Amino acid sequence: MRTSLKQILLAPFVHELPFLCLSYFLLLPNVFTAYMKDDLRLGRFLQPFSCDGVDNTTALLFAYLLTLLVCLCRNHLVKWVLYALGIATATVRLFLYISYKMWITSSTLALLQETNANESREFFESYVLSTNGAIAFCFFAVTGVIVIAERRREHLARFMAKSKLKYLLGVVCMAVLCLAVYNLKFYTSIYTSKTNEEASNWLDKYGYPYTARGHNTVLDLFVAYKQLQLSREEDESVSEYALKFDREATAESTEDSITVVYVLGESYIKSHAHLYGYELPTTPYLDEERELGRLFVFSDVVAPFNLTYKVEKNTFFCNSIADGEHWASSPSFMQLFKKAGFFVGFYDNQRSGKGFKLENINGGRIYNRDVARLSYSDIAEHSCEHDGDFIDDVLKKGIPTASRSLHVYHLMGQHGPASQRFPQQFSKFKAQDIKRQLPFLDNKNKSAIATYDNATLYNDHVLHKIIEIYKDKNVALVYMSDHGEEMYDYRNSAGRAKAVKGMEAQMARHQFGVPFMIWLSDQYMAKHPEKVETIKSALDRPFMTDNVAQVLFDLAGLKTPYYKADRDLISPQFKPRKRIIDDSGSMVCDYDRL
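Calculation rules
- Residues numbered from 1 in each chain as written.
- Predicted model: local features only at pLDDT ≥ 70, side-chain atom pairs only at ≥ 80, totals over all residues.
- Heavy atoms only, no water.
- Phe/Tyr/Trp six-rings, centres within 6.5 Å; stacked < 30°, edge-to-face > 60°.
- Helix = DSSP H or I, 4+ residues; strand = E, 2+ residues; numbered from the N terminus.
- Buried < 20%, exposed > 50% of the residue type's maximum accessible area, 1.4 Å probe, protein only.
- Salt bridge = Lys/Arg side-chain N within 4 Å of Asp/Glu carboxyl O.
- Contact = heavy atoms within 4.5 Å.
- Pairing = 2+ DSSP bridges.
- Axes fitted to C-alpha atoms, helices over the stretch in contact; angles between N-to-C directions.
- Parallel < 35°, antiparallel > 145°, perpendicular 65-115°, else oblique.
- Nonpolar A, V, L, I, M, F, W, Y, C, P; charged D, E, K, R; others polar.
- Polar contact = N/O pair within 3.5 Å; in protein donor to acceptor, adjacent residues only side chain to side chain.
- Left-handed = near helix turned anticlockwise from the far one by under 90°.

Colleague: Can you explain the packing of aromatic side chains? Please cite residues and give values.
Modeller: Under the definition given, this model contains 17 aromatic pairs. Consider the rings of Tyr241 and Phe245, whose centres lie 5.9 Å apart with planes at 25°: the pair is stacked. Of the two residues, Tyr241 and Phe245 both sit in helix 14 (residues 217–248), 4 residues apart, roughly one turn of that helix. Taking relative accessible area as the criterion, Tyr241 reaches 34% and is therefore assigned partly exposed. The interplanar angle of 70° and the centroid separation of 4.9 Å between the aromatic rings of Phe426 and Tyr458 together place this pair among those described as edge-to-face. With a gap of 32 residues between them, Phe426 in the loop between strand 7 (404–410) and helix 20 (443–470) and Tyr458 in helix 20 connect regions that are remote in the sequence. Classification of Tyr458 by relative accessible area gives buried; the value is 4%. The rings of Tyr262, Phe316, Phe333, Phe337, Phe342, Phe346, Tyr376 and Phe553 are connected pair by pair, giving a single aromatic cluster.

Shown next as structure tokens:
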């Protein structure tokens, strides 16, 4: 008997409705996470062109296609294999979420590839046999029961064959499927991406829903695989460049004995620093150092991006964005310091030495194996919950002494949630200390501001710890934050939300304006009085942090073809450039024209 096209298209609804429904459920990104908590909003679920709508409609498309495959194959083995794969993948996704608040990404695929037998055993013992593992297993068991209960499918199939309900389901679902095909254009740019940078730009543009709860399973796997593939290609290219620079680049220092310290902070809102005029005393130590004439605070410095990994790429290397240079076209400034005979210590509290084993997918390629080998003499093997403990850990291990050294610290700073960035004894500020009066500043929001201010106070304490290490040596220290943040400063928003019309300048000031300061030891100032004067004359110059390497070269007396005096903030030859800021593509503009 010949089967019509209508019968084929309706077959998933008539013959395999349980499989279709369960497949759709297993593919959805948010049924058992965001919607299970406090995000169960049917209106959002049904918005066809929202990120949720795109994910939900395409999930139905993939579920329908899988069900159609089962109908056409008429092979129970195919069906049970698809069931097993779907349940296993959904269980893994649930486990990743409840254990780590993450989804299947390029990082998890890379981790899977690089895990050895011992690590697999440790993972199984520590996590799979944990409470979270038990929850995921229960999910697996429940869905397994649903599959077993499919023995009632034939009764349902006979009912659907006689009922006109199949036509209603067919019309509704076909409309949704047409919408899903249209919505696939959402993924065109990630599919056509030729470089990891293009893929990362796509993730940035659609990043918050993606990183918060993932897309549907099929698209999660596709996006993860695509970025992992492009990341590996980029990693190989960066290795080639690093080896090339090792052969060709030259660097030497005019100093016999000097230590340069570079501290990269995180999510520091400049306007929450007393140092920059904030009403609460959040920077007592730095205030004192400025009064003593050792700390120089710059007033007009901005970051090119408001995402850490993009700032890393464009500050750890020697490129200038305003001059159209790509970050990979120049060496890491740390590689040049090491080539000039400096001991280079790299102490990162955001990733630690483990980052060298697992390649950093989005990171600034400071974890590329060849960049690491050619740039660092020493690294931190462990990270800590609080930056102060991390500094103590680095000191406990011991920082090797050398006549010429570059020490780079990457802190957690005020990275959200701010409540996790400081120990309890630094809970100085409370909601009642926030005196600003704005309509949205209720007690809850004022408490969030006070918590952030406590994290800023603790950051001041951490910088005190770092400076104490070097105060009796010939040292120049540069501190800046990777980007800013918002904390209910001018609108009812915390974090790094997109700009709204009419508030672009305020958003840019808070998210891109960053604290930038230079601290000089007494010994350094006595040895370089002319440098002190050039720094004082530069405090109000407009500067973007992609050229911070030039400042470090100048302070260290490093001579290299990659040093450009007109990009050096503290050089008399400095020439201000256009400061183009980029909010993940949603707002790309000249900061000084806002």
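Next comes the rest of the write-up.
Colleague: Tell me about the pattern of salt bridges, and name the residues and values.
Modeller: For the structure shown, the criterion picks out 21 salt bridges. The residue Asp566 makes a salt bridge to Arg577 at a minimum N-O spacing of 3.0 Å. Highlighted residues: Asp566 in the loop between strand 13 (558–559) and strand 14 (580–582) and Arg577 in the loop between strand 13 and strand 14, separated in sequence by 11 residues. Given a relative accessible area of 24%, Asp566 falls into the partly exposed group. Owing to a relative accessible area of 22%, Arg577 belongs among the partly exposed residues under this scheme. Overlapping salt bridges, with partners in common, bring together Asp323, Glu325, Asp566, Arg567 and Arg577 in one network.

Colleague: With reference to specific residues and values, describe the environment of Ala508.
Modeller: Along the chain, Ala508 falls in helix 21 (residues 504–511). Contact partners of Ala508, with chain neighbours within four places excluded, come to Gly513, Ile581, Met587, Tyr591 and Leu594.

Colleague: A description of unusual backbone geometry should follow, citing residues and the corresponding values.
Modeller: In this model, Gly416 is joined to Pro417 through a cis peptide bond whose omega is 0°. Take Pro417: it is sitting in the loop between strand 7 and helix 20. With phi around 55°, Ser267 is a residue other than glycine that occupies positive phi space. Its relative accessible area of 0% is what places Ser267 among the buried residues. Its identity is not glycine, yet Tyr488 carries a phi of approximately 55°, on the positive side. If you trace the backbone, Tyr488 turns up in the loop between strand 9 (486–487) and strand 10 (494–495). The exposure class of Tyr488 is buried, given its relative accessible area of 15%.

Colleague: Explain the sheet that holds strand 2 (residues 258–265) to me, and be specific about the residues and the numbers.
Modeller: Spatially, 3-11-8-2-7-5-6 is the arrangement adopted by the 7 strands of the open sheet, whose pairing is mixed. The open sheet has two free edges, formed respectively by strand 3 (295–298) and strand 6 (378–379), since each of these has just one partner strand. Alignment of strand 5 (residues 343–348) against strand 6, held across 2 bridges, turns out to be parallel. Bridge pairing in strand 6 links Phe346 to Ile379. With respect to the sheet, helix 15 (residues 284–291) is in contact with strand 3 and strand 11 (516–520), its orientation differing from that of strand 3 by roughly 105°.

Colleague: So, the packing of helix 15 against helix 20: which residues are in play, and what are the values?
Modeller: Interhelical geometry of helix 15 versus helix 20 gives an angle of 50° and a closest axis separation of 7 Å. Our classification of the angle between helix 15 and helix 20 gives oblique. Together, Pro284, Tyr285 and Leu286 of helix 15 and Leu457, Asp460, Leu463, His464, Ile467 and Glu468 of helix 20 make up the contact between the two elements. Taken together, the residues that form the contact of helix 15 with helix 20 break down as 6 nonpolar, 1 polar and 2 charged.

Colleague: So what's going on with the side chain of Glu255? Residues and values would help.
Modeller: Looking at where Glu255 falls in the secondary structure, it is placed in the loop between strand 1 (252–253) and strand 2. Residue classification places Glu255 among the buried residues on the basis of a relative accessible area of 8%. For Glu255, the side chain forms a polar contact with the side chain of Lys527, separated by 3.3 Å. If near-sequence neighbours (up to four positions away) are discounted, Glu255 is found in contact with Arg404, Asn474, Lys527, His528 and Ala556.

Colleague: How would you explain the packing of helix 19 (residues 387–397) against helix 20 if you had to name every residue and give the values?
Modeller: Look at helix 19 against helix 20: their axes get within 9 Å of each other, and the N-to-C directions meet at 15°. Taken together, the axes of helix 19 and helix 20 are roughly parallel relative to one another. Classified by chirality, the crossing of helix 20 by helix 19 is left-handed. Contact residues: Asp387, Gly388, Asp389, Ile391, Asp392 and Leu395 in helix 19; Tyr458, Val462, Lys465, Ile466 and Ile469 in helix 20. Residues of the contact of helix 19 with helix 20, tallied by class, amount to 6 nonpolar, 1 polar and 4 charged.

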